[in-house]
Amino acid sequence: MYKKSLYTFLFLFFTLFAFGQVKVSGVILDGDKNPVPFCNIIFKGSTEGTISDEDGTFYLQSDKNYKELEVSFIGFQTKIIPLIQKNYNLEIVLQEERDELKEVVVYSGKVPKKGNPAIAILKKIWAKKRQNGVYKYNHYEYDKYEKIEFDLNNIDDKLKNMKIWNGMEFVFDQVDTSNITGKPYLPIFINESMYKTYGKNIVPKKRVEKLVGNKSSGFKDNQGLIAFIKQLYVDYDIYDNYLKFFDKSFASPLSKLGPEIYNYVLTDSAFIENKWCYNILFYPRRKNELTFKGDFWVNDTTFAIKQIEMYGAKGANINWVKEIYIEQEFTVKSDSVFLLKRDHFMSDFALNEKDKSKGVYGKRTTIYNDYVFNAPRPDSYYQEEVVEEETVFNRSDDFWHKNRLEQLSKDESGIYKMLDTLQYVKRFQELNAVAKVLTTSYVSLFKGFDYGPVYSAVGYNDIEGFRLRVGGRTFFSNSDKWRLKGYLAYGFKDEQFKYGFEGEWLVNPKNRLTFSFGTRRDIEQTGVSLTTANEVLDRSFATTSIFTSGDNSKLSHVNLTNAKGSFEPIKNLEIRLGSTYKTLKAADPNLFNVDYYDKEGNIHSEVNQVDVSVAVQYTPGRIPFGFGVDRGVSNYGRFPTLFFSYTKGIKGAFDSDFDYHKLQFYYQQPIQIGLFGRLTSTFEIGKTINPVPLLLLNIVPGNQTYFTSGKLFDLLNYYEFITDEYVSLHLEHNFNGRLFSKIPLLRKLQWREIVGIRGVIGSISQENIDMNASNIVYNAPENIYWEYHVGIGNIFKLFRIDFEYRGSYLDAPDAKNFAIKGGLGFYF
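A brief report on the enclosed structure follows. What you see is a predicted model, and the numbers here were worked out from it, not measured in a lab. (Residues numbered from 1 in each chain as written. Predicted model: local features only at pLDDT ≥ 70, side-chain atom pairs only at ≥ 80, totals over all residues. Heavy atoms only, no water.)

### Brief notes about the overall build of the protein
Operational definition: A run of H or I in DSSP counts as a helix once it spans at least four residues, and a run of E counts as a strand once it spans at least two, with each numbered from the N terminus. Exposure classes here rest on a 1.4 Å probe applied to the protein chains alone. A residue is buried below 20% of its type maximum, exposed above 50%, and partly exposed in between. The contact criterion used is simple: two residues touch if any of their non-hydrogen atoms lie within 4.5 Å. Computed with the Shrake-Rupley method and a 1.4 Å probe, the accessible areas treat only the protein chains shown as cover for residues. Here Asp and Glu are counted as negative and Lys and Arg as positive; His is not counted, and neither are the chain ends. Think of each charge as sitting on NZ of Lys, CZ of Arg, CG of Asp or CD of Glu.
Within the protein one finds 11 helices and 44 strands. Taken over 828 residues, the protein has a buried fraction of 51%. Taking as baseline every contact in the protein between residues at least 6 positions apart, the subset at least 24 positions apart corresponds to 62%. Within the structure as shown, the protein displays about 39,700 Å² of accessible surface, and the carbon and sulfur contribution to it stands at 57%. Counting 104 positive and 101 negative side-chain charges, the protein places the averaged centre of each group 5 Å from the other.

Structure follows, in structure tokens:
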């Protein structure tokens, strides 16, 4: 018995020392105790390493039992540190290399480009980048496994003792330590996906990913959360000049512009899987730019990347993200082709950049396997398919056991059990309910019914006075194939009830065939959009005078009934057919009237109108989420939108007053211009044929609110310009702090520069002018009306302020030639 216990003890002792983790953290200093950034730190005799950050600090961990740590940097003597223990927190002082002082500027860390062997290698990478990977073949396919995880980090006793965790203390049993940062973390969410990917590199080039399995921890109806997370971690190619993350363009270290942005140092060479590779260290030449530090291993014959590690440079103008870490590994096929094998992306989301601040790790790990080349497929393989929700989202444990390309760690496996348990904890249910209100504006009253939107409960305008509104919707899950919505409102000044109701039914999920019917009777601020919309329950933000300046009396009474159908013959191409019956009149004729003359010269104050319409909307690149009748968009504002509509007014149907034709086209295009930010352009053109009264014309949308809007003219009053044909263009560029980063006093504020210009030209026919009997004078911008603005964004990471200037029609009655307006938004 004694011998057995002794053998057991000795076995455990030697196992711990032979296979236990080595964890090393610390700071790198020079002889004057100044931090040395971008040092190369590796376990000697291996390719496992890291780079010190801008403060000289580092963390390195390995499951192997390494004996020595090697620290090196150009201009300093390489230092070898013996490793005897398992955990270290070191202060490492490097000595200057005296013989190199004449050639190297030690303290700036800048490396000359001329004669640099690392840049010579980089040029060979550029020359051969399209000869590596899947680009080498006409057809390709592979399996892809993706794992996304979110973790609370910097877990300490103070956090554990917070009252918010009452009744949920058991979750801290899952706390682990990050092998990248060395910080304790608590897993809170995991999502796994399996894809089959098919592509071809011959014209027309195609690539499609087909989801075959998806599994999430704990949360049901979480497609919105999953879609939001996935659009944060879009696919990227490290060979591209720019890598797009968090709506920003980072300069790739493999970019052809790299030598102007990065320093490169050839530090080592070694065999990796029987391939001789060079190790190149890179770090930014300038501060406060969207860049990385890190290193990569590149093969000496194909000049393909074998491994790369990148850390986001500190001080970059990006919100809510404290750290970024990227790691990629490539495998070799046919002794010469390097294919992506594993991609790991980790970001540290936090409210501030303090090292000990609490935050959330977002991690995506992607594994690629079973590559097949030059096996042509029918064109049908490259078409997007509607996900079979019941199958894809309910795969068995056996399916995941067989198809999971990387086994879950112990703490990852524990997430499923922990979060499934949380669903039955009352405290968690309460927190989940609060989160739902904040994100959807709805409150679950009982199963199948939500009250809301809560943000529309109270309002005020000059006609209704104080206004109360109650509403709700049916809701069983995000995948509901039908939904009913409605509201009832009351104005205490006009003493009138208003209401709205709409029902929608998703008939065929494969082509999104949907039918809807609704009716609304309410007060509305019309003329706030050039492009006509007959949405039943939408109400303009400008209708409430809480957020408007000046006169808010030009409101209309709208009684609208609409029926429509829509479908998507291909992904993101929607075709709508609909018909609307509406009556329109002034909400208070004493303050604002919409009178018009008929052909006999009689004056009318109300419009009765029936129309039919067809509309086509194409949004390439849009990422919708949800499988029910209501869907959201996870990458709103990051894809182009093309919209065309034709509306035919039918005179005589249900006593309809006018026969007319309305044609409209709308095109919005966001363009990411490398490191210089984003340009957003919006173009609109339209024409109304045959004379119609004021409320059926094309009113150039003014903006009397205190907030700037990309689709409106911020210095125009309501009904200042009336047209029956128009062309408008809006341009706005956000430099993303590119200019302010050059100014020392502004650099730390991380403000972002915004410039923009808007213009419209249009006309109004004499027939429409002769019909007008309202108190609005018809003026059209026959000479271009334009305005411009300069602004500062990212104030306290949320706010923007714009200085607006009118460029023409400066002497128009009641013209606003200058205004200061604000904005609010969540941006990375």
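What follows continues from the structure just given.
### A look at the sheet that holds strand β1 (residues 22-29)
Here is the rule we go by: Any two strands with at least two DSSP bridges between them are considered paired. Interaxial angles span 0 to 180 degrees and are taken between N-to-C directions of axes, which are lines fitted to C-alpha atoms, for helices over the stretch in contact.
Strand order in this open sheet of 3 strands is β4-β1-β7, and the pairing throughout is mixed. The open sheet has two edge strands with one neighbour each: β4 (57-62) and β7 (87-93). With strand direction ignored, the average angle separating the axes of adjacent strands in the sheet is 20 degrees. Relative to β7, β1 is paired through 7 bridges, and the arrangement is parallel. Bridge pairing in β7 links Ile-28 to Ile-92.

### Considerations on a nonpolar patch on the surface
Quick note on the threshold: A patch consists of residues whose relative accessible area exceeds 30% and which take part in no salt bridge; residues with like charges are grouped when within 9 Å of each other, and nonpolar side chains (Val, Leu, Ile, Met, Phe, Trp, Tyr) when within 5 Å. The salt bridge criterion pairs a side-chain nitrogen of Lys or Arg with a carboxyl oxygen of Asp or Glu, the two atoms within 4 Å.
A contiguous nonpolar surface patch, about 680 Å² in accessible area, is contributed by Ile-685, Val-727, Leu-729, Leu-731, Ile-757, Ile-761, Ile-784, Trp-786 and Tyr-788. Contributions of two or more residues to the nonpolar patch are made by β40 (725-734), β41 (752-763) and β42 (785-795). In terms of residue count, the dominant contributor to the nonpolar patch is β40 (3 residues). Along the polypeptide, Val-727 turns up in strand β40. Overall, Val-727 belongs to the partly exposed group, its relative accessible area being 32%.

### Things to note about the pattern of salt bridges
Oppositely charged side chains can form a pair if their charged atoms are brought close together. With the rule as written, the count across this model stands at 45 salt bridges. Among the ionic pairs, Lys-402 bridges to Asp-398, the shortest N-O distance being 3.2 Å. Linking Lys-402 with Asp-398, this pair stays in helix α7 (residues 397-403), spanning 4 residues, or about one helical turn. For Lys-402, a relative accessible area of 64% puts it in the exposed group. Taking relative accessible area as the criterion, Asp-398 reaches 42% and is therefore assigned partly exposed. Each member of the salt-bridge network shares a partner with another, and the members are Glu-464, Arg-467, Asp-494, Lys-498 and Asp-522.

### A short note on the sheet that holds strand β5 (residues 68-72)
On the basis of which strands lie adjacent, the open sheet formed by 4 strands has the order β3-β2-β5-β6 and antiparallel pairing. Every interior strand has two partners, whereas the edge strands, β3 (49-51) and β6 (79-82), have only one. Adjacent strand axes in the sheet meet at a mean angle of 20 degrees, parallel and antiparallel pairs treated alike. Two elements, strand β2 (residues 40-43) and β5, share 4 bridges in a ladder whose sense is antiparallel. Bridging from a neighbouring strand, Phe-43 pairs with Leu-69 of β5.

### Comments concerning the pairing of β4
For β4, a buried count of 5 out of 6 residues is recorded, marking the element as mostly surrounded by other parts of the structure. Both β1 and β4 contribute to a ladder of 6 bridges, which runs antiparallel. Each residue of the ladder has a partner; that of Val-24, found in β4, is Leu-60.

### Let's talk about the pairing of strand β17 (residues 305-312)
With 8 of 8 residues buried, β17 is to be regarded as a mostly interior element. Once strand β16 (residues 292-299) ends, the chain turns through 5 residues before running back antiparallel as β17, passing Phe-303 with a positive phi of about 55 degrees. Bridge analysis of β17 against strand β18 (residues 321-333) gives 5 bridges, and the strand direction is antiparallel. Considered in β18, the bridge of Tyr-311 is made with Tyr-325.

### Quick word on helix α8 (residues 410-422)
The condition that has to hold: A helix's residues, less one, multiplied by 1.5 Å, set its expected span.
Helix length check: α8 (13 residues) gives 18 Å between terminal C-alpha atoms against 18 Å at 1.5 Å per residue, within 8%. Check the buried side of α8 and you find it contacts β8 (139-153), β9 (176-177), β10 (184-200), β11 (206-216) and α9 (426-440).

### What to know about the side chain of Thr-366
With respect to the helices and strands, the residue Thr-366 is situated in strand β20 (residues 359-373). For Thr-366, a relative accessible area of 0% gives the class buried. Thr-366 has contacts with Lys-144, Tyr-145, Glu-146, Lys-341, Arg-342 and Asp-343, leaving out every residue within four places of it along the chain.

### Concerning unusual backbone geometry
Residues Val-203 and Pro-204 are joined by a peptide bond in cis, for which omega reads -5 degrees. Note on placement: Pro-204 falls in the loop between β10 and β11. Phi angles above zero are rare outside glycine, and Phe-654 is one such case at about 55 degrees. Note that Phe-654 resides in the loop between β35 (641-649) and β36 (660-672). The backbone of Asn-736 shows a phi angle near 60 degrees, a positive value even though the residue is not glycine. Examined against the element boundaries, Asn-736 turns out to sit in the loop between β40 and α10 (744-747).

### Some points on the packing of aromatic side chains
Heads up, the condition is: Each pair of aromatic rings taken from Phe, Tyr and Trp, with Trp reduced to its six-membered ring, is defined by centres within 6.5 Å and is described as stacked if the planes are under 30 degrees apart, edge-to-face if over 60, and tilted in the remaining cases.
As enumerated under the stated definition, the model contains 36 aromatic pairs in all. For the ring pair Tyr-311 and Tyr-325, a centre distance of 4.9 Å and an interplane angle of 55 degrees mean the geometry is tilted. Residue Tyr-311 is found in strand β17, and its partner Tyr-325 is found in strand β18; the two are separated by 14 residues along the sequence. Here the aromatic rings of Phe-721 and Tyr-809 are separated by 5.1 Å at their centres, their planes lie at 70 degrees, and the arrangement is edge-to-face. In this pair, Phe-721 sits in the loop between β38 (698-699) and β39 (722-723) while Tyr-809 sits in the loop between β43 (799-806) and β44 (818-824), placing the two residues 88 residues apart along the sequence. Grouping aromatic residues by their ring pairs yields a cluster made of Phe-150, Tyr-236, Phe-245, Phe-246, Phe-250, Phe-292, Phe-345 and Phe-349.

### What to know about α9
Over its 15 residues, α9 runs 21 Å from end to end, which matches the ideal 21 Å to within 8%, given 1.5 Å per residue. Looking at the residues trailing α9, positive phi occurs at Ser-441, about 70 degrees.

### A short note on the environment of Glu-91
Here is the rule we go by: For the purposes of these results, a polar contact is taken to be a pair of N or O atoms within 3.5 Å, where, inside protein, one atom must be able to donate a hydrogen and its partner to accept one; residues adjacent in sequence count only when each atom of the pair is a side-chain atom.
Its location among the elements puts Glu-91 in strand β7. Between the C-alpha atoms of Glu-91 and Ile-28, which are 63 residues apart in sequence, the distance is 6.2 Å. Apart from residues no more than four positions distant in its own chain, Glu-91 is found in contact with Val-27, Leu-29 and Lys-33. In this structure the side chain of Glu-91 is engaged in a polar contact, spanning 3.0 Å, whose partner is the side chain of Lys-33.

### Quick look at the environment of Tyr-618
With respect to the helices and strands, Tyr-618 occurs in strand β32 (residues 606-618). Looking at Tyr-618, the relative accessible area reads 35%, which means it is partly exposed. Sequence separation of Tyr-618 and Leu-340 is 278 residues, and the distance between their C-alpha atoms is 33 Å.

### Quick word on the environment of Asp-157
Relative to the elements of secondary structure, Asp-157 occurs in helix α3 (residues 157-160). The class for Asp-157 is exposed, based on a relative accessible area of 56%. A sequence separation of 315 residues divides Asp-157 from Gly-472, and the C-alpha atoms of the two residues are 42 Å apart.

None of this, on its own, says anything about what the molecule does.
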